[in-house]
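Chains, contacts and geometry: an overview
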Amino acid sequence: MTIMSIVVTGATGQLGRLTVEALLRRGLPAADIIATGRDITRIKDLADRGITVRRADFADTDGLAEAFAGADRLLLISASVPVGERVANHRRVIDAAASAGVSLVAYTSTTHADTATTVIGATHGETEEYLRDRGIHSVMLRNGWYLENYTSQLPQILQNGAVVGAAGEGRISAASRADYADAAAVVLTTEGHTGAVYELGGDESFTLTELAAAISAASGKQVTYADLPVTDFAQVLATAGLPAELAEVLADADRGMKRGEMYTDSGDLRRLIGRPPVTLAEALAVALHQ
C-alpha cells in the first residue's frame with residue numbers, strides 16, 4: 001500500500017518533533033508529513049523544510065477534522081494535559097481520525113496499560129479500549145519511562161547527592177525519546193503492525209538504587225537513593241515547585257514502578273528499531289558532557 005500522508009500530533013513537543021525527524025531519515029518525503037500542534041509558531045522551521053504544518057488542539061473537534069484531512073496514518077501522542085482531561089482529548093482525536101478516513105492510528109501508550117494501576121496508566125488503558133471499540137486499525141506503542149526523565153535532573157541530583165523516589169527496588173525499562181520516536185517512525189512507514197501491542201523499553205532495566213550507582217560511577221560524585229513513601233515523595237515534588245496534581249501523578253507513577261509496571265523484557269524496541277536501544281550509561285555520559 002502506498003502511504004499518502006502521515007500526521008504526527010504533538011509535533012511541537014519533544015517526542016513529536018523527534019518522530020518527524022525520524023520519518024524524514026527513513027526517506028519519507030517532507031510533503032507526505034503533516035505536523036500538528038496547538039502553537040504552530042513553534043514548528044515554523046518544519047514548514048520551511050516543506051512539511052505541512054497544521055494547528056490541532058485536542059479540545060477543538062472542528063479543528064481536528066481540518067488538521068487530519070487527507071491523512072492516511074496518524075500518530076496520536078498522548079496529551080500533555082491534566083489527567084482528568086486526557087481521555088476526552090484522546091477520544092476527540094480518535095473520532096476525528098475516523099471521520100477523516102485515517103487507515104491506521106498508532107498511539108503512544110504506556111507499558112502494561114491493560115493492567116496498570118497508576119492514575120496515568122488508567123488513562124492509557126481507557127484510550128486503548130476506545131480505539132479498539134471504534135474499530136479503527138491501530139497499533140499500541142506502549143512506551144516505557146524516558147531516560148531523559150532522569151538525565152534532565154542530573155544537576156539537582158548531583159547537587160543533593162541523592163536520587164529521590166518512591167519506587168523501592170522496582171525495575172525500570174527506560175529508553176530515550178529518540179529511540180521511541182524511531183520505533184514510531186518504523187510502525188508508521190512499514191506494513192504488518194495493525195493490531196500489534198508493543199511493550200517498549202530499554203534492554204537493560206535498572207532500579208533507582210542502580211540509577212544512583214550509575215550516576216556515581218559516571219560523575220565521580222557519590223550519589224545514593226532515598227526511597228520515600230508515595231505521599232512524602234509527592235510532597236517533595238510539590239515543594240520543588242511542581243503543581244500539586246502533577247506531583248501526585250509522578251509519585252503515583254513511582255508506586256507503579258515498585259509494582260513492576262515500568263518493566264518489560266519483550267525486546268520489542270530493539271526489534272522495531274533494528275539496533276540496541278541507548279543504555280542508561282550511554283545517556284548519562286552524553287548528559288554529563290553537555
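Residues numbered from 1 in each chain as written. Predicted model: local features only at pLDDT ≥ 70, side-chain atom pairs only at ≥ 80, totals over all residues. Heavy atoms only, no water.

**Brief notes about the side chain of Thr151**
Relative to the assigned elements, Thr151 resides in helix 6 (residues 148-151). Classification of Thr151 by relative accessible area gives buried; the value is 14%. Once you skip the residues sitting within four places of it in the chain, Thr151 turns out to touch Ala283, Leu284 and Ala287. (Helix = DSSP H or I, 4+ residues; strand = E, 2+ residues; numbered from the N terminus. Buried < 20%, exposed > 50% of the residue type's maximum accessible area, 1.4 Å probe, protein only. Contact = heavy atoms within 4.5 Å.)

**Details of the packing of helix 1 (residues 14-25) against helix 8 (residues 177-189)**
Two elements in contact, helix 1 and helix 8, have axes separated by 8 Å at closest approach and are oriented at 55°. On the basis of their axis angle, the class for helix 1 and helix 8 is oblique. Viewed along their axes, helix 1 and helix 8 form a crossing whose handedness is right-handed. Contacts between helix 1 and helix 8 pair Gln14, Leu15, Leu18, Thr19, Ala22, Leu23 and Arg25 from the former with Arg177, Ala178, Tyr180, Ala181, Asp182, Ala184, Ala185, Leu188 and Thr189 from the latter. Split by residue class, the contact of helix 1 with helix 8 holds ten nonpolar, three polar and three charged. (Axes fitted to C-alpha atoms, helices over the stretch in contact; angles between N-to-C directions. Parallel < 35°, antiparallel > 145°, perpendicular 65-115°, else oblique. Left-handed = near helix turned anticlockwise from the far one by under 90°. Nonpolar A, V, L, I, M, F, W, Y, C, P; charged D, E, K, R; others polar.)

**Here's the deal with the packing of helix 4 (residues 83-99) against helix 5 (residues 119-134)**
Helix 5 packs onto helix 4 with a crossing angle of 20° between their chain directions and a minimal axis gap of 10 Å. The angle between the axes of helix 4 and helix 5 places the two elements in the roughly parallel class. Note on packing geometry: the crossing formed by helix 4 with helix 5 is right-handed. Residues Val83, Arg86, Val87, His90, Arg91, Ile94, Asp95 and Ala98 of helix 4 lie in contact with helix 5, whose contacting residues are Val119, Ile120, Thr123, His124, Glu126, Thr127, Tyr130, Leu131 and Arg134. Looking at the contact of helix 4 with helix 5 residue by residue, the classes come out as eight nonpolar, four polar and five charged.

**Things to note about helix 5**
Compared with an ideal rise of 1.5 Å per residue, which puts 16 residues at 22 Å, helix 5 spans 23 Å between its outermost C-alpha atoms and is within 8% of the ideal. Restricting attention to buried positions, one finds in helix 5 the residues Ile120, Gly121, Thr123, His124, Gly125, Thr127, Glu128, Tyr130 and Leu131. On its buried face, helix 5 is in contact with helix 4, strand 5 (104-110), strand 6 (138-143) and helix 11 (244-258). Of the residues flanking the end of helix 5, it is Gly135, one or two places downstream, whose phi is positive at about 75°. (Expected span 1.5 Å × (residues − 1).)

**Concerning the environment of Pro276**
Note that Pro276 resides in the loop between helix 12 (268-273) and helix 13 (280-288). Taking the relative accessible area as the measure of exposure, Pro276 reaches 48% and is therefore partly exposed. Beyond its immediate chain neighbours, meaning those up to four positions away, Pro276 contacts Asp203 and Arg270.

**Description of empty space enclosed by the protein**
Scanning the entire structure with this criterion turns up one cavity of 30 Å³ or more. One number sums up the size of the largest cavity: a volume of about 70 Å³. Looking at the largest cavity, the residues that line it are Thr110, Thr111, Ala116, Thr118, Ile120, Gly121, Ala253, Gly256, Met257, Glu261 and Met262. At the level of secondary structure, the elements contributing two or more residues to the lining of the largest cavity comprise helix 5 and helix 11. By residue class, the composition of the lining of the largest cavity is five nonpolar, five polar and one charged. (1 Å grid on protein atoms, 1.4 Å probe; cavity = no way out; pocket = protein on both sides within 12 Å on 5 of 7 lines; lining within 4 Å. Points joined across faces, edges and corners; volume = space filled by probe spheres on them.)

**Remarks on the packing of aromatic side chains**
A full pass over the atoms with the stated rule returns two aromatic pairs. Summarising the aromatic geometry, the rings of Tyr146 and Tyr180 are spaced 5.8 Å apart at their centres and angled 55° between planes, so their arrangement reads as tilted. Of this pair, Tyr146 sits in the loop between strand 6 and helix 6 while Tyr180 sits in helix 8, and the two are 34 residues apart along the sequence. By relative accessible area, which is 1% here, Tyr180 ends up buried. Summarising the aromatic geometry, the rings of Tyr150 and Phe206 are spaced 6.1 Å apart at their centres and angled 75° between planes, so their arrangement reads as edge-to-face. One end of the pair, Tyr150, is in helix 6; the other, Phe206, is in the loop between strand 8 (197-200) and helix 9 (208-219), and 56 residues separate them in sequence. Side by side, Tyr150 and Phe206 carry an identical accessibility label, which is buried. (Phe/Tyr/Trp six-rings, centres within 6.5 Å; stacked < 30°, edge-to-face > 60°.)

**Some details on the layout of surface pockets**
Where empty space is left can be seen by rolling a probe of water-molecule size over the atoms. Considering only enclosed or pocket space, the second largest pocket measures out at about 180 Å³ in volume. Forming the walls of the second largest pocket are Leu147, Glu148, Thr151, Ser176, Val278, Glu282, Ala283, Val286, Ala287 and Gln290. Contributing elements (two or more residues each) for the lining of the second largest pocket: helix 6 and helix 13. Ranked by the residues each element gives to the lining of the second largest pocket, the list is headed by helix 13, at four residues. When grouped by side-chain class, the residues that make up the lining of the second largest pocket number five nonpolar, three polar and two charged.

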